[in-house]
Amino acid sequence: MPEQTIPESTSVQDAPISDSEVLLTVDHVTLRFGGVVALNDVDFEIRTGEILGLIGPNGAGKTTCFNAMTGVYKPTSGSITFDGTQIAGSKPHQITALGIARTFQNIRLFPEMSALENVMVGCDARNKTSVLGALFRMYRIWGLPEEDLPRNPVRRALAKVIGVSRHEVEERRSRRKSWELLRFVGIADRADELSRNLPYGYQRRLEIARALATDPKLLCLDEPAAGFNPAEKEDLMGLIRRIRDRGLTVLLIEHDMRLVMGVTDRIVVLEFGSKIAEGAPAVVARDPKVIAAYLGEPDAA
Amino acid sequence: MTDTTPQKSVLKRVAAVPSLLGGAPQWVKVPLILLVLSFCVYLPFLNILPFAYIRTDLRPNGSDWSTVLFTIALYMIVAVGLNVVIGWAGLLDLGYVGFYAVGAYSIALFGSPASPVTKAIAAQFGLPEGWSMAFAACIPLAICIALIAGVILGAPTLRLRGDYLAIVTMGFGEIIRIVMRNSTWTGGPAGIIAVPEPPAADEDFFNTIDVHRWYWLALAVLVILIWLMRRLEHSRVGRAWLAIREDEDAAAVMGVNAFKYKLWAFAIGASLGAIAGLLFASKQAYVEPNGFQLNLSFLFVAMVVIGGSGNIWGALFGAFLITYLPERFREFESWRPLAFGVALVAIMVLRPQGLFPNRRRARELEDRKHEAEEAAADA
């Protein structure tokens, strides 16, 4: 009998690692659409440097939770604190600036832009060039490292005298960073292709590269393995770990249990918009409420 | 549809020329641009056969060639500005003539000694009779007023998308015209005379006889504006606009402040429209509200759409076609509305992406066509 072997879920919450600080707190968040309660008093936290899995059956409110965190929806009540800042109700671009990036469940790239350009849009989140700056290029920078100077020798000599515009420096750095990210996720071989022409797996990884380009502290992945075969899932697990090794915190929504169990440090389980369990993967997997949520309650029928 | 295929492929080949040049080395591009520019400068005196056949004043009652050239350059400025709004940011603006009017009226109201505004200012501050602002001072003023007008129109309306935005902007264009007609401080239906002309070393440089000088002025302005807009296109700003056009919500999540960039697109479009309006008013030396009818707006949109939205060169070509062809074939004047209508329908059917589309925009439309065909096949 599972109920006897497993302690109550409240005590499971206290179990996981508590030595790192809290990065994001979802504090009693409720989100209603008319009469539908999409999130009901959801309450969890993400600690710096961990990989947190957010799982639950279809319609449990995982993506809604993501949308509330990234500014797409405003919670009806409750607060979300990221890095000491209250973000519930902020605009998406403000939240991106604070350091949360996300991918989408159904891929949403800019289809008519090349893979590289897609990533560069992400880089632009950290760039400062304004409309006037791009038009007149009056903001000059001197004393740049060699790699930020133009390659053309004449221009290079000129740059020593009149400086380089911030626009140009940022373009060059973004381009370099984009290439680096494309190599990191492993799709640099098709960087100049329009993103719509890329194969499915490439598009998924391009979304991750684009999100990484915004220099986030927290990366939220919404079902990144959807439609992947086992080999690709294995690759993805490696990629998620490497992302964590770059010093990022990862929040992962995923259906594939093997992937979730294999890569996450902790798991939060949602069902019908409420949190039903939280804890280490092995503990959550044995939680009777979780098993009931996924397999159905035997005595409910 | 099958008989149009060869035609299309020819068009496609021609349309590929600008992108081929885009990849050409510097030593090919620079002389080529200089060559084209010097040809444009020479155009008013064109008399070498067979090229001279493009002149519009070959027949006794033909339009003055230099005036036509000036109008083409003027409308090209308009097309470049509207291309920012429609082609890049993807906002359908049907009230562009409003900004054109704002530019024209800015210089008329502040630059003409005969306008009620300059008279009031002169009376208020004890300035001598006939005081008015200098032409050079009117340029930044007109741009500022247009920027403000763009923001005033944009701030409340840019939350709307697609057709709703189009309707609201159309209303704006009409409001400007009606305000100009019904207010006393704008000279009412009579308009304002004595709009100043650009300063020149020779006092009589910009006159009504040597119209080619006006054309050169407009051409110079056009070249500068194209250069500036291309800088925007290949920058963070241009990418942000593209991203917004492609997927506004995804762009927002990637850190693009969609509202801000849409507002900028509007404001930049507005100031380019105002610059064109300013040149127009200055050359006419006279503005009146009836010069800014709504159908001019539709003409502007047609230029960008026919030429190929999202591509500066396409927009320029569209402006050229729509301004030049009716002037060249004036002898068929009574057929003009019919020809214009047929041409529009033909282009929308055969080549909805415009004659020289942006490569991205072309594929978007191609896609939608396929989707429609697939949907039809499914049904």
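Since this is a predicted model, take the numbers as computed values, not measurements. (Residues numbered from 1 in each chain as written. Chains lettered and ligands numbered in written order. Predicted model: local features only at pLDDT ≥ 70, side-chain atom pairs only at ≥ 80, totals over all residues.)

Observations concerning the overall build of chain A
Logical step 1: Assigned secondary structure in chain A consists of 13 helices and 12 strands.
Logical step 2: For chain A, the spread of C-alpha atoms along the principal axes amounts to about 80 × 40 × 40 Å.
Logical step 3: Counting across all 301 residues of chain A, residues that qualify as buried make up 41%.
Logical step 4: A separation of at least 24 residues holds for 69% of the contacts in chain A among residues at least 6 apart in sequence. (Helix = DSSP H or I, 4+ residues; strand = E, 2+ residues; numbered from the N terminus. Buried ≥ 20, exposed ≤ 12 C-beta atoms within 10 Å, placed from the backbone. Contact = placed C-beta atoms within 7 Å.)

Focus on the overall build of chain B
Logical step 1: A tally of regular secondary structure across chain B gives 16 helices and 2 strands.
Logical step 2: Looking at chain B alone, contacts between residues at least 24 apart form 78% of all its contacts between residues at least 6 apart.

Regarding the domain arrangement of chain A
Logical step 1: Here chain A is described as being made up of domain 1 (2-99 + 216-295) and domain 2 (114-196).
Logical step 2: Computed from C-alpha coordinates alone, the two centres of domain 1 of chain A and domain 2 of chain A are separated by 35 Å. (Domains from an automatic or database assignment.)

Overview of the sheet that holds strand β2 (residues 36-47) of chain A
All names here are of chain A.
Logical step 1: The strand order β2-β1-β4-β5 describes an open sheet built from 4 strands, whose pairing is antiparallel. Since the sheet does not close on itself, it has two edges, and those belong to β2 and β5 (85-86), each with one partner.
Logical step 2: Where strand β1 (residues 22-33) meets β2, 8 bridges bridge the pair, whose relative direction is antiparallel. Within β2, the position partnered with T25 by the bridge is E45.
Logical step 3: In the packing of helix α3 (residues 62-69) onto the sheet, the strands contacted are β1, β2 and β4 (77-82), and the crossing angle to β2 comes to about 70 degrees. (Pairing = 2+ DSSP bridges. Axes fitted to C-alpha atoms, helices over the stretch in contact; angles between N-to-C directions.)

Considerations on the nonpolar core
Across soluble globular proteins, nonpolar side chains show a tendency to be buried alongside one another.
Logical step 1: Counting residues in each nonpolar core, the largest one holds 179 residues, and the members touching the most others are A73(B), I77(B), A79(B), A218(B) and A265(B).
Logical step 2: For this core, the leading source of residues is helix α4 (residues 65-88) of chain B, giving 18 residues.
Logical step 3: Residues lining this core come from more than one domain, with at least three contributed by each of domain 1 (2-99 + 216-295) and domain 2 (114-196) of chain A.
Logical step 4: Not counting residues up to four positions away in its chain, the partners in contact with A73(B) are Y215(B), A218(B), L219(B) and L222(B). (Core = buried A, V, L, I, M, F, W, Y, C linked by C-beta atoms within 7 Å.)

Some thoughts on the sheet that holds strand β9 (residues 218-222) of chain A
Residues and elements named next belong to chain A.
Logical step 1: Strand order in the open sheet made by the 6 strands is β6-β9-β10-β3-β11-β12, with mixed pairing throughout. Strands at the two margins of the open sheet, each flanked by one partner only, are β6 (100-102) and β12 (274-279). In this sheet, adjacent strand axes meet at a mean angle of 20 degrees when their direction is disregarded.
Logical step 2: Here strand β3 (residues 51-55) pairs with strand β11 (residues 266-271) via 4 bridges, running parallel. Paired with L52 across the bridge in β11 is R266.
Logical step 3: Its contacts with the sheet put α3 on β3, β6, β9, β10 (249-253) and β11, and the angle it makes with β9 is roughly 145 degrees.
Logical step 4: Helix-sheet contacts for helix α13 (residues 288-295) involve β11 and β12, and the interaxial angle to β12 is about 125 degrees.

Side note on the interface of chain B and chain A
Logical step 1: Counting residues at the interface gives 23 residues for chain B and 27 residues for chain A.
Logical step 2: Those elements that provide at least two residues to the side of chain B that touches chain A are α9 (211-233), α10 (236-246), α11 (248-253) and α16 (359-378) of chain B.
Logical step 3: By residue class, the composition of the side of chain B that touches chain A is 12 nonpolar, 3 polar and 8 charged. (Nonpolar A, V, L, I, M, F, W, Y, C, P; charged D, E, K, R; others polar.)

Re the packing of α4(B) against helix α12 (residues 258-284) of chain B
Residue and element names in this part refer to chain B.
Logical step 1: The N-to-C vectors of α4 and α12 enclose an angle of 170 degrees; their axes lie 8 Å apart at closest approach. Between α4 and α12, the angle is such that the two are roughly antiparallel. Counting all contacts with α4, which are made through F70, L74, I77, V78, V80, G81, L82, V84, V85 and W88, the residues of α12 involved are A265, F266, I268, G269, L272, G273, I275, A276, L279, F280 and K283.
Logical step 2: Here the contact of α4 with α12 is built from residues that sort into 17 nonpolar, 3 polar and 1 charged. (Parallel < 35°, antiparallel > 145°, perpendicular 65-115°, else oblique.)

Here's the deal with the pairing of β9(A)
Within a regular beta strand, the side chains point alternately toward one face of the sheet and then the other, so they alternate between its two faces.
All names here are of chain A.
Logical step 1: Among the 5 residues in β9, 5 count as buried, and that is most of the element.
Logical step 2: A two-sided burial pattern is seen for β9, the buried positions comprising L218, C220 and D222 on one face and L219 and L221 on the other.
Logical step 3: With 3 bridges connecting them, β6 and β9 associate as parallel partners. Within the sheet, the bridge partner assigned to A101 lies in β9 and is L219.

Quick word on helix α14 (residues 312-328) of chain B
Logical step 1: Between its first and last C-alpha atoms α14(B) spans 24 Å; for 17 residues at 1.5 Å apiece the expected length is 24 Å, and the two agree.
Logical step 2: Among the residues making up α14(B), those that are buried are I312(B), W313(B), G314(B), A315(B), L316(B), F317(B), G318(B), A319(B), I322(B) and T323(B). (Expected span 1.5 Å × (residues − 1).)

Some words on helix α15 (residues 336-350) of chain B
Logical step 1: Helix length check: α15(B) (15 residues) gives 21 Å between terminal C-alpha atoms against 21 Å at 1.5 Å per residue, within 8%.
Logical step 2: Within α15(B), only 0 of the 15 residues are buried, which leaves it mostly out in the open.

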